[in-house]
Amino acid sequence: MTATTTPAPARAGTPDRRDRVRTPLPRPRRRHSVDRPRRSVTLTLLSSLVVLYTLLPLAWLVVSATKTQPDLLGSPGLWFSGRFALWDNITQTLSYDHHVFLRWLLNTLLYVVLGAGGATLLAVLAGYGLAKFDFRGKKAVFAVVIGAVAVPATALAVPTFLMFSKMGLTNTPWAVIIPSLVSPFGLYLMWVFSAEAVPAELLEAARVDGSGEVRTFFRIALPLLAPGIVTVLLFTVVATWNNYFLPLIMIKDPNWYPLTLGLNAWNDQAATAGGQPVFNLVITGSLLTIVPLVAAFLLLQRYWQSGLAAGSVKE
Amino acid sequence: MTVAAPPAPPGRSGRARFARVRRDWTGLGFAAPFLAVFALVFLAPIAYSVYLSLFQDRLIGGTTFVGIANYRQAVDDPQFWDGLGRVGLFLAVQVPVMLGIALLVALALDSGRLYGRDFFRITVFLPYAVPAVVATLMWGFLYGTRFGLVADLDRSFGITLPDPLSPHLILGSIGNIVTWEFIGYNMLIFYSALRVIPSSLYEAAAIDGAGQWRIVAAIKLPAIRGAVVIATVFSIIGSFQLFNEPSILRPLVPDSVTTSYTPNLYTYSLAFSGRQEDYAATVAIVMGVVTMVVAYAFQLRGMRKEA
């Protein structure tokens, strides 16, 4: 419902930039031009406040992961204290309760590979099909899929749970994987991206050369779609890796928990009177849970930022 | 995955009519796998939900058709309205604060006047990669008055700060967690939209003698109105669905977060603790309709102003 109503300011930049080259620029009155304004210390300091706010809990997490359980309770949170116990904590986290953390990690990886991988594949195929071909009911498909974004997860969760439980799927990995396969946002992004990145003439040329549609898609369209695919993959990976609500409903057996549910179970155990206080494990486990995603975002930023920028062109 | 796509006839693109028919099936073939799963996990549950909402499971007589009785019950249910009022308040306060900060950061980044712009952009976005569970656990620890940041501050300065997890402050504390999680994401939406504004507009404005603030008000903000509307719609939907943060905090502070704290938490409790699936489905549908109406109304308003 969003993209159809907004006018597209797409590609407005290209002709303007060409004009700029042809017409000589008026001499800038100040030393710093519009393109390269003077850096501002005040603005940098103000923005640093937001960065501090962002980093505060993360810094606390890193510092706390280096502390033993007694030090955790007895020393100020934002500075190191006592013995440097990070490696001990990691070993303990991984081995606690018969290496259940590793089991949760493997479950999460399973859900991510099949769920996010599958969601990306479906979104890419469908986005390409919708952007590059005409068929009856295409507009209806778009309206329904984008409208689905507004449906609350719980409105779906309860009936999905009941349906899956009748099919005998609850408490199995499929209950988490199958609903993860649909990413309306991914479809929207791939739709916009395919429309921009794959020229129709190229597809037509391939057809004239006798290339089948499937072959054309894999040989010609797919490489052009790469930045968009990385973006969708990253966002579906984050959504699956961080998913809490869906497994909470679907999975009762701790052996099929993803990391998020497992950490929450440890925290509940630590918070319950009489339960074994394993706050150091909750904290170290949390750190281990976020490190892979943070690393992925940092390493792949060139890709997802260009992909998102392309998506925003049509917003 | 592409079974539905018939083989393309070799080199006959000249016959437009046949090409047209062929493409009809090809496009649908590419979309088919997505649509099949979509029907299973979106359309079927919604239909099933509506079906369930028309029945009641009674001790005597089993499952009986009750028409709109469940909806009547929801309309008169104080727990539902209580939760709805709470997420409404949350929406009214948290969303403007979060989007306001995100917009300021995006404008600061886009102005090119920051030292270390890339560092700012990536750092502010980082929380998006942190699961709600971990974010809530971290802030839950920081909020702690026994140990945690609040306790540290109390001890260092010899003061007693109000307990962020007490019943009258917890909504704000949850708002802070959600704000922390999503400032970066929204900032990125705004920033991406700002980047595609042609720089010739700024040059023209500079020649006319417009200052930075004038450029922001007259060029940048109108240009990214679409992005702002979309971010707001997503935030409205997110607020109405508030579940993870209160649900994770609940075991720590059962007095502050009740089982009907938000409509989603209420639905969850009804379905999984109370075994009232029919009524849970009804509440979920009512909530879904409220969400869509508010989101759609906002979008219409936002878009009309643009014209």
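These numbers come from a predicted model, not from an experiment. (Residues numbered from 1 in each chain as written. Chains lettered and ligands numbered in written order. Predicted model: local features only at pLDDT ≥ 70, side-chain atom pairs only at ≥ 80, totals over all residues.)

Caption draft 1: Focus on the overall build of chain A. Counting its regular elements, chain A contains 16 helices and zero strands. For chain A, long-range pairs separated by at least 24 residues make up 72% of all intrachain contacts whose partners lie at least 6 apart in sequence. (Helix = DSSP H or I, 4+ residues; strand = E, 2+ residues; numbered from the N terminus. Contact = placed C-beta atoms within 7 Å.)

Caption draft 2: Spotlight on the packing of helix α15 (residues 279–299) of chain A against helix α5 (residues 132–143) of chain B. Running from N to C, α15 of chain A and α5 of chain B cross one another at 140 degrees; their axes reach a closest spacing of 10 Å. With respect to each other, α15 of chain A and α5 of chain B are oriented oblique. By crossing handedness, the relation of α15 of chain A to α5 of chain B is classed as left-handed. From α15 of chain A, Val-282, Ser-286, Thr-289 and Ile-290 of chain A reach across to α5 of chain B, where they touch Val-134, Leu-137 and Met-138 of chain B. (Axes fitted to C-alpha atoms, helices over the stretch in contact; angles between N-to-C directions. Parallel < 35°, antiparallel > 145°, perpendicular 65-115°, else oblique. Left-handed = near helix turned anticlockwise from the far one by under 90°.)

Caption draft 3: Seen up close, the interface of chain A and chain B. With 93 residues of chain A at the contact, the number on the chain B side is 98 residues. Tallying contributions element by element places helix α3 (residues 41–64) of chain A first for the side of chain A that touches chain B, with 10 residues. Residues of the side of chain A that touches chain B, tallied by class, amount to 57 nonpolar, 22 polar and 14 charged. (Nonpolar A, V, L, I, M, F, W, Y, C, P; charged D, E, K, R; others polar.)

Caption draft 4: Seen up close, the environment of Gly-88 of chain B. Residues and elements named next belong to chain B. Relative to the helices and strands, Gly-88 resides in helix α3 (residues 78–110). By C-beta crowding, Gly-88 is classed as partly exposed, having 15 other C-beta atoms within 10 Å. Note: C-alpha distance between Gly-88 and Ser-239 (151 residues apart in sequence) is 7.9 Å. (Buried ≥ 20, exposed ≤ 12 C-beta atoms within 10 Å, placed from the backbone.)

Caption draft 5: Highlighting helix α11 (residues 213–224) of chain A. Residue and element names in this part refer to chain A. An ideal rise of 1.5 Å per residue puts 16 Å on 12 residues; α11 measures up with 16 Å between its terminal C-alpha atoms. Within the sequence span of α11, burial applies to Glu-213, Thr-216, Phe-217 and Ala-221. Here the buried residues of α11 occupy an arc of 95 degrees about the axis, which is enough to place them on one side. Summarising the geometry of α11, the exposed residues directed more than 90 degrees from the buried face are Arg-219 and Pro-223. (Expected span 1.5 Å × (residues − 1). Arc of directions from axis to C-beta.)

Caption draft 6: Quick peek at α3 of chain B. Residue and element names in this part refer to chain B. Here α3 spans 47 Å end to end across 33 residues, near enough to the 48 Å set by a 1.5 Å rise per residue. Maximal helix bending in α3 amounts to about 30 degrees, located at Leu-91. Looking one or two residues past α3, Gly-112 carries a phi angle of roughly 70 degrees, positive in sign. (Bend = angle between axes of the 7 residues up to and from the residue.)

Caption draft 7: Quick peek at unusual backbone geometry. All names here are of chain A. Here the phi dihedral of Asp-97 falls at roughly 50 degrees; this positive angle occurs in a residue that is not glycine. The residue Asp-97 is located in helix α5 (residues 86–132) in this model. Judged by local crowding, Asp-97 falls into the partly exposed class, with 14 C-beta atoms found within 10 Å.

Caption draft 8: Just the nonpolar core, in detail. Residues and elements named next belong to chain B. Of all hydrophobic cores here, the largest spans 159 residues; its most connected members are Ala-106, Met-187, Phe-190 and Val-283. Counting residues per element, this core draws most heavily on helix α7 (residues 170–195), at 15 residues. Contact partners of Val-283, with chain neighbours within four places excluded, come to Ala-74, Phe-80, Pro-263, Tyr-266, Thr-267 and Leu-270. (Core = buried A, V, L, I, M, F, W, Y, C linked by C-beta atoms within 7 Å.)

Caption draft 9: Structural view of the packing of helix α14 (residues 259–271) of chain A against α5 of chain B. Across the interface, α14 of chain A lies against α5 of chain B with an axial gap of 9 Å and an inter-helix angle of 25 degrees. With respect to α5 of chain B, the axis of α14 of chain A lies roughly parallel. Taking contact as the criterion, the partners of Thr-260, Leu-263, Asn-264 and Asn-267 of chain A in α14 of chain A are, on α5 of chain B, Val-133, Val-134 and Leu-137 of chain B. Here the contact of α14 of chain A with α5 of chain B is composed, by residue class, of four nonpolar, three polar and no charged.

Caption draft 10: Representation of the domain arrangement of chain A in the model. Residues and elements named next belong to chain A. With domains assigned, chain A is organised as domain 1 (41–84) and domain 2 (92–313). Each of domain 1 and domain 2 has a C-alpha centre, and these two points are 31 Å apart. Contact with domain 1, which involves eight residues of that partner, is made by seven residues of domain 2. Put simply, the parts of the chain that give the side of domain 1 that touches domain 2 at least two residues each are α3 and α4 (69–74). For the side of domain 1 that touches domain 2, the element with the highest residue contribution is α3, accounting for three residues. In terms of residue class, the side of domain 1 that touches domain 2 is built from four nonpolar, three polar and one charged. (Domains from an automatic or database assignment.)

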